[in-house]
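Each chain, letter by letter, is given below.
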Amino acid sequence: MGSVARYRILIAIAAAVPLMLSGAACSSGNPASPVAVPSSAGSGGGVPLTPAPAPQTLYEAGSTLLQQAMGHWAAGYHDQYPNVVVKPGGGGSTKGISEASAGTINIGGSDAYLSSGDLVKNPTLLNVPLAISAQQVNYNVPGLRPGTNLHLDGLVLAKMYDGTIKTWSNPAISQLNPHVSLPSTPVVPLHRSDGSGDTFLFTSYLSTHDSNWNRNFGYGTKVAWPKVAGAKGETGNQGMVKGCHDTVGCVAYIGISFQNAANQAQLGEAALLNTANQPELPNKTSIDAAVAAFVSSTPPNETISMIDGPASTGYPIVNYEYAIVSTQQRSATAARDLKAFLHWIITTGNSLPYLGSSQFQPLPGPVVSLSDAQIAKIR
Amino acid sequence: MALRTPSPTSPAASGPPGHRAAAPRGRMARHLSVSTTPTRLRLLLTGLLLACLAWGAVGAWTVLQHASAAQDVVSTSEPLSLNAQQMYRSLSDADVTATTAFLAGPNESLGDRQRYTADINQAATDLSNLNGAATSGSNRQLLASLAAISTALPVYTSYVSQAQSEYHLGYLLTGGSFMQVASEVMHLQLLPAAKTIYAQENAGLTAASARATGLPWIAVVVVLAIGIGFVLFRAQRWLWRSTHRRINYGLAVATAVLAACVLWLIVAFTVARADLQQGVGHGSGPAETLAQADIDAQLIRGDEILNLISRSGNASFLQDYHSVRGQLGPGPGTLLTEAAGSSPGGAGAQWASAAAHDVQAWYAVNDQVYRLDSESRYPTETQLVIGTGPTSSAAGFGRVETDLSHAIAADQVVFHSNATAGGNAFTGLEAGVIVAALLMALGCAWGLSVRLAEYR
């Protein structure tokens, strides 16, 4: 009896794996669907398409990268539903996660998915992708021809950030840019001093390319940065843009929604080498290509790292921009209004008028379905 | 031989046993009829037969209840409690092993792979045993928790497989995020359900022990025996006086058998109860305390791993670590100190003392781990958590685990031997009570029918 039953369990486990995988692969959906009632929404039905008629204020804080888009979404939603006011706050991903955990805000914006620790300590939290983002690497190197996009890869960037590469004319950089005349300007690495999803994404990229970086510094929303002469810590993406503008020789990682700000600050933008060693700039084509490789494997809770994916034409630092929300809202009305707003973001709000200025890309259909299924859990 | 008229104080004082009464009429006639000696003898015979057989039935049922409860403790409740504890340990260890192997690099060692596979197989076996023992009448919380593990275990293993596949394909971070999702399934679904199952099965063990050592029904049997003994005594005294001091051998045999059986019953029950209480006090009780200590140690280790892989948020398990450490001990009122003092001189207590000593060194490593984490020094933290050197957390945890495993095994041996001895004390008693009841009934029938025959 014992051994028979044991093998039954083992067979069940073995059988469940392909079933699960096929289930994940089949969970596609249509982002433009007028009725959002996902089949996997769990008990209690789907997502309301409109807010309740009563006045409502929803509070958001967190990712500075998401802040701009959230501002557009808040304004657009208020135009459509004047009784709902959404107040974006910014402050960094770490703040977004902690305040959503504490229940002081309705939506925590984060460039990084929730950690296991956050989820285990607060199982009511969800991370719901709202759009696709990317991270650019900017620099302030004098003497380059306008329109030059230096080629950089994770290994070289890691060496710049750990102080091994001290000047822009270093052979490692020259080797990646054989047709560019590089000055001997000292490299000044800028990093975020606040807890940041951008830091998590950037150091993840460095860790995948440089085992020394992974071994010595690792990745996270906060990192014990190497002691490099002249290195600077900045607060928020705006601080990174300004800091880089003010510092000749800087290299900085900046969220893509600050691309226009970086351009206005006349910062150079690097083309990063992907896993196929192809230099790619962050644009719609390269970002969509990178994400497409991960759509079918995104799990139901949508926690997935898409750094350095397999797409040969993909940009290597892409991510979902997450709304960190609690399934337990203060009232049924707040829950309904939050669900309706989040659903609106991943459908109507995922169109060019709302995403254009932040350079975000819309979620693929299957990911919209997964997000809707998560949104439906809010009570 | 003629019967002597009983004294006025005898049970038959109202009638002349030496004479057959004339047939009376009406109420008085009925009264006189009941009062006649043959009628009294018949009533006495019927009453004693019924009482003996009823006592035999109640006595045998009581012995059966206690014996089966003792057997249940040894053969069902204790193994199920062990299965549940083992399942928790296997699940927790599987997650720790899978995560540390993943963090160590893409080339998972054979030892890690085998350990993970063995853990999952052991958990599946324990789950199967627990499912097999559960019935539709089982506690709903237990059934729900078993169902939760049956559902979540394949989900967990599939995420681990996917994490390993991604890693082997060169996508460290994607693999890492799948490993993270797997850990979430483990910590949010599997381990809480396993803990609930352990609590339920442990409560089942406690209840079975209480049934095996409980007093009410055995007291009822003894009180009934005293009642029957009193009736037999009065009947024999009546017959002794009314038959010129002749011994009624049938009733005497019934009385002797009753006394012997009650003595057997009391001795068996006293021995069984003492053995079982000894087994609980020095075996399953400390083992339960140690099992809880083991769960706490697993929790500290699991949280340490979670803390290590949680790079994208704010969560820190430092407070949880201090809280669980305060519960685990050593120190007054803590689990390890309680286990070490439960049976002084016993092997289990000695191993518990060893665990209380070894855990201090492990705590020192943990303190260092959390300090490094607060400074975001992940690589050093990682090496300290997953490294294999003698000063690593893995090594410290391993020593504490070994101590606790030995302690639990030693206490289980104590429990098992005592509980088995306790259960054996009931051997043959159920049949003995039935035979005794039949002998008592036969003795009464024989002894009283001889007297009745004198009236024909």
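These numbers were taken from a predicted model, which means no experiment stands behind them.

Would you explain the overall build of chain A in this entry?
A tally of regular secondary structure across chain A gives 14 helices and 12 strands. In chain A, buried positions account for 56% of the 379 residues. When contacts within chain A are restricted to residue pairs at least 6 apart in sequence, those whose partners lie at least 24 apart make up 74%.

What am I meant to see in unusual backbone geometry here?
The general pattern is negative phi for most residues beyond glycine and trans for most peptide bonds. Residue Pro 330 of chain B follows Gly 329 of chain B across a cis peptide bond; omega there is 15 degrees. Inspection of the secondary structure puts Pro 330 of chain B in the loop between α8 (318-328) and α9 (335-342). Of note in the backbone geometry, Gln 266 of chain A takes a positive phi value of approximately 60 degrees without being a glycine. Residue placement: Gln 266 of chain A occurs in the loop between α10 (259-264) and β9 (268-269). A tally of 10 C-beta atoms within 10 Å means that Gln 266 of chain A is categorised as exposed. Within the chain, Asp 308 of chain A stands out as a residue other than glycine whose phi angle is a positive 55 degrees. With respect to the secondary-structure elements, Asp 308 of chain A resides in the loop between α11 (284-295) and β12 (318-326).

Please clarify how the interface of chain A and chain B should be interpreted in this entry.
Size of an interface, as often reported, equals the accessible area lost when the parts are brought together. The interface of chain A with chain B comprises 47 residues on the first partner and 39 residues on the second. Mapped by element, the contributors of at least two residues to the side of chain A that touches chain B are α1 (2-26), α3 (93-102), α4 (116-121), α7 (197-209) and α8 (211-216) of chain A. If one sorts the elements of the side of chain A that touches chain B by residue count, α1 of chain A sits on top with 11 residues. Classifying every residue of the side of chain A that touches chain B gives 25 nonpolar, 16 polar and six charged.

Got a minute to help me understand the pairing of strand β3 (residues 107-110) of chain A in this structure?
It is a general feature of regular strands that their side chains alternate between the two faces of the sheet. Residues and elements named next belong to chain A. A two-sided burial pattern is seen for β3, the buried positions comprising Ile 107 and Gly 109 on one face and Gly 108 and Ser 110 on the other. In terms of strand pairing, strand β1 (residues 56-62) meets β3 through three bridges, oriented parallel. Counted as the bridge partner of Gly 62 is Gly 109 from β3. By the bridge criterion, three bridges tie β3 to β12 in an arrangement that is antiparallel.

Explain the domain arrangement of chain A here, please?
All names here are of chain A. The domain boundaries assigned to chain A delineate domain 1 (38-134 + 297-302 + 319-375) and domain 2 (135-290). Distance between the C-alpha centres of domain 1 and domain 2: 29 Å. The partner domain 2 presents 21 residues to the 19 residues of domain 1 that form the contact. Listing elements by their share of the side of domain 1 that touches domain 2, those giving two or more residues are α2 (64-80), α3 and β4 (125-139).

What is the right way to read the packing of helix α2 (residues 37-104) of chain B against helix α5 (residues 172-213) of chain B from this model?
Residue and element names in this part refer to chain B. Packing of α2 against α5 brings their axes to within 8 Å, and their N-to-C directions diverge by 165 degrees. Of the possible angle classes, the one that applies to α2 and α5 is roughly antiparallel. For the pair α2 and α5, the crossing hand works out as left-handed.

What should I look at first to understand the environment of His 66 of chain B in this one?
Residues and elements named next belong to chain B. Note that His 66 resides in helix α2. Owing to 28 C-beta atoms within 10 Å, His 66 belongs among the buried residues under this scheme. Apart from the residues lying within four places of it in its own chain, the contact partners of His 66 are Ala 212, Ile 218, Phe 269, Ala 272 and Phe 426.

What exactly am I supposed to notice about the packing of α9 of chain B against helix α10 (residues 347-374) of chain B here?
If you want to describe how two helices pack, look at the angle between their axes and the distance between the axes. All names here are of chain B. In the contact formed by α9 and α10, the axes pass within 7 Å of each other and the chain directions differ by 150 degrees. Classified by the angle between their axes, α9 and α10 sit roughly antiparallel to one another. Pair α9 / α10 crosses with left-handed handedness. Between α9 and α10, the contacting residues are Leu 336, Thr 337, Ala 339, Ala 340, Gly 341 and Ser 342 on the first element and Ala 349, Ala 352, Ser 353, Ala 355, Ala 356 and Val 359 on the second.

Looking at this structure, how should I read helix α3 (residues 110-133) of chain B?
Note on helix geometry: an α-helix contains 3.6 residues per turn, so any two residues three or four positions apart are oriented the same way. Relative to the 34 Å expected for 24 residues at 1.5 Å per residue, α3 of chain B spans 34 Å between its end C-alpha atoms, a close match to the ideal helical length. The complete set of buried residues in α3 of chain B reads Tyr 116, Asp 119, Ile 120, Ala 123, Ala 124, Thr 125, Asp 126, Leu 127, Ser 128, Asn 129 and Leu 130 of chain B.

Calculation rules
Residues numbered from 1 in each chain as written. Chains lettered and ligands numbered in written order. Predicted model: local features only at pLDDT ≥ 70, side-chain atom pairs only at ≥ 80, totals over all residues. Helix = DSSP H or I, 4+ residues; strand = E, 2+ residues; numbered from the N terminus. Buried ≥ 20, exposed ≤ 12 C-beta atoms within 10 Å, placed from the backbone. Contact = placed C-beta atoms within 7 Å. Nonpolar A, V, L, I, M, F, W, Y, C, P; charged D, E, K, R; others polar. Pairing = 2+ DSSP bridges. Domains from an automatic or database assignment. Axes fitted to C-alpha atoms, helices over the stretch in contact; angles between N-to-C directions. Parallel < 35°, antiparallel > 145°, perpendicular 65-115°, else oblique. Left-handed = near helix turned anticlockwise from the far one by under 90°. Expected span 1.5 Å × (residues − 1).

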